[in-house]
Amino acid sequence: MYVKRYVVQRGRRQYVYLRLVQAYRDEQGKVRHRVVASLGREDQLKASGQLDQLAAAFTRLDPPTAGTRREVGPLLLVAHYLDRLGLVELVDRRLSQRGRAQLSCGEVVAALVANRLAAPAPLYDVAGWASSAAMAEVLEIPGMLLNDDRLGRALEALAPVAEEVRGAVTLAAIDRFGVDAARLHLDLTTLRVAGAYEDSALVRKGWGPDRRVARQVRMLQATTPQGIPLYVRPHPGDTAELACIGAALERLAQLLPPGLLVCADSVLGHVKNLCAADRAGLRFVVPLRDASGVGERFLAEVGHQGLHRLDYVADRQRHLEAARRTRYRGALRPFHVTDPDTGQRHRLRVAYIWSSEEANSVADGRERALARAEQALGKVQRGLGGRYYKTRTQVDAKVTQLLVPAVRGLLQVTTGTRAGKPTLRVARDQAAITAAARTDGVYALATNLPGRLSATQVLRLYKDQPLVELRHRDAKQTLRVRPIFLHNDDRITALVSVVGLALVIFGLIQADLRHTLGPDQHLDGLLPEGRAARPTGRNILAAFQGLGLTYTPDGIVLDRLTGTQRRILELLTIPIPWPEQAK
């Protein structure tokens, strides 16, 4: 049976009709053809979407021939978590659907999430990947339907409801997986974008972490202490960090029950921002900005003699000898501030923390900055009276340029003129350096947590903040959100949202496996040469690379699972859908 194009001439116009034709042999054995159905005019079928639906329906019903091989990889894990999360239904509930035979927007989003987790690459030729992967077998999504036009339309359809979907996924993760969202760690990163984007409201020039201005999109994440990014949203590249975090906090306060504890970086560490958060009923642990006078307040109220030893060891240092571990000392003190907007008094607390690792890092950084400045100033001295430093004015301008904030006030630099030639003297101000060193390694964590509290507890809460940075790295490297090749704001917004959904699945897989294994337990075979390791989202997915299936006359047969793959599936209670190959 096949589709035949039938041309009809009417005056000067031609019309193409599509007919479903069946070939058969009559009683004499001759091949005959008969029209089973007239499908309609080709142009009308295309315009109405019926032709797309027919093609999709035939694709779903077309089984591969024996010997065909498909790449499974980590799709078994991804499909299991997509189903438990109910992602397809959460998306489709918010978007209309043109026909069941073609892919719904929820199915396209699920396919893109699977692509980010199973085979991340720049977003092109997804259909080519899906056709060679077991998308139809595992997710019931035919790969040939994932053409660029359908992906683009789905992304544009998702963009207006992306915030609703984000909120629904957050609540679904809490409800269906028991995720504890009482404490969230917030942080921002930037996604650099190549291209002009002159009319874009999303791709804007802004400051990045490398202190350069470039076209970018900001991405905010709110991550649980278990490393699950429950909430990911994009922002225009020139939006201030505080505005991004403020919008996220407002949305999270709507989604989650009262009592949410937020950990963030020092962007919230101004008194005005802390008072605003306290007024809104948010609990927080936030480092105070240096501009808030942290050093002076510490020396006046506590001093090093007022600090006591804190019983805290970072996970990355547990394997080290006690003498090689970072030492922490701290003290908790009242921190009463006045709201500059309302004049209201807020009773906060601040934990002053001293870290030996931080103290050594600050001292080494100051020494390097001083050495660089002295070297540069020495070069100026050697060039006095020459081409570039003929006058004292020229020398003063260069000195001002070289005395960056890191060394300003720590070097005594004197310029003058002798016999018409400029002079320059440089010496370290040891008293100023000694004074600066008094606060090396000291930082302050402000909090409004009620009840009995210790500096150790505050430190433990804040020390999970790097989890957000790990998820930023996973988004950019493991899931390959970069480079962005899309050319309108809706598609970019939706792509970042899809990556956020993929990160939720990524974090859930890691958290579930770690919880089932038990604290600090390792799993054999996760690293090359069969070495054991603590499960991470990255090495769990990598453990399934190379796993495939093959069509046989008796049905689908899965490659023989390795011991590590079988153990992961058992721990996550994921059934094996097909028989395995014999040994």
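Residues numbered from 1 in each chain as written. Predicted model: local features only at pLDDT ≥ 70, side-chain atom pairs only at ≥ 80, totals over all residues. Heavy atoms only, no water.

Engineer: Teacher, can you tell me more about the overall build of the protein chain here?
Structural biologist: Of regular secondary structure, the protein chain possesses 20 helices and 20 strands. A compact globule built from 583 residues would reach a C-alpha radius of gyration of about 25 Å, whereas the protein chain, at 31 Å, exceeds it by more than 25%. Dimensions of the protein chain along its principal axes, counting C-alpha atoms only, are 120 × 60 × 55 Å. By residue count, 48% of the 583 residues in the protein chain fall in the buried class. (Helix = DSSP H or I, 4+ residues; strand = E, 2+ residues; numbered from the N terminus. Rg over C-alpha atoms; globule rule 2.2 N^0.38 Å. Buried < 20%, exposed > 50% of the residue type's maximum accessible area, 1.4 Å probe, protein only.)

Engineer: I keep staring at the pattern of salt bridges and nothing clicks. Help me out?
Structural biologist: Between side chains of opposite charge, a pair can form as their charged atoms come close. One pass over the full model with this rule turns up 20 salt bridges. Between Glu301 and Arg297 there is a salt bridge, and its shortest N-O distance comes to 3.4 Å. Here Glu301 and its partner Arg297 are both found in helix H12 (residues 294-301), four residues apart, which amounts to about one turn of the helix. For Glu301, a relative accessible area of 39% corresponds to the partly exposed category. Judged by its relative accessible area of 29%, Arg297 falls in the partly exposed class. Put simply, Glu163, Arg166 and Arg251 are held in one network by salt bridges that share partners. (Salt bridge = Lys/Arg side-chain N within 4 Å of Asp/Glu carboxyl O.)

Engineer: Looking at this structure, how should I read the state of the cysteines?
Structural biologist: Working definition: the covalent bond between the sulfur atoms of two cysteines is a disulfide. A complete count under the given rule lists zero disulfides for this structure. The structure places no disulfide on Cys275, whose sulfur is separated from the nearest cysteine sulfur, that of Cys263, by 18 Å. Residue class for Cys275 comes out buried when judged on its relative accessible area of 0%. (Disulfide = S-S within 2.5 Å.)

Engineer: Sorry, what's going on with unusual backbone geometry here?
Structural biologist: For residues other than glycine, phi is negative in most cases, and the peptide bonds are mostly trans. Its identity as a non-glycine residue notwithstanding, Glu140 has a phi of 60°, on the positive side. When you line up the elements, Glu140 lands in the loop between helix H7 (135-139) and helix H8 (148-158). Residue Glu140 is classed as exposed on the basis of its relative accessible area, which comes to 56%. In this structure, Ala419 takes a positive phi of about 55° despite not being glycine. Mapped onto the elements of the fold, Ala419 is located in the loop between strand S14 (411-418) and strand S15 (421-428).

Engineer: Got a minute to help me understand the packing of aromatic side chains in this structure?
Structural biologist: How two aromatic rings sit relative to each other is given by the distance of their centres and the angle of their planes. Within the structure shown, the criterion is met by three aromatic pairs. On the numbers, 5.7 Å between centres and 10° between planes, the contact of Tyr81 with Phe177 is stacked. Placement of the pair is Tyr81 in helix H3 (residues 75-85) and Phe177 in helix H9 (residues 162-177), with a sequence separation of 96 residues. Note on accessibility: Tyr81 and Phe177 belong to one class, buried. Relative to Tyr328, the ring of Tyr312 lies with its centre 5.3 Å away and its plane at 80°, an arrangement referred to as edge-to-face. Pair noted here: Tyr312 is in the loop between strand S11 (308-309) and strand S12 (328-338) and Tyr328 is in strand S12, with a separation of 16 residues, a long-range link. Judged by relative accessible area, Tyr312 falls into the buried class, the value being 12%. The class for Tyr328 is buried, based on a relative accessible area of 4%. Sitting over the ring of Tyr15, Arg10 keeps its end group 5.5 Å from the ring centre. (Phe/Tyr/Trp six-rings, centres within 6.5 Å; stacked < 30°, edge-to-face > 60°. Lys NZ or Arg CZ within 6 Å of the ring centre and 35° of its normal.)

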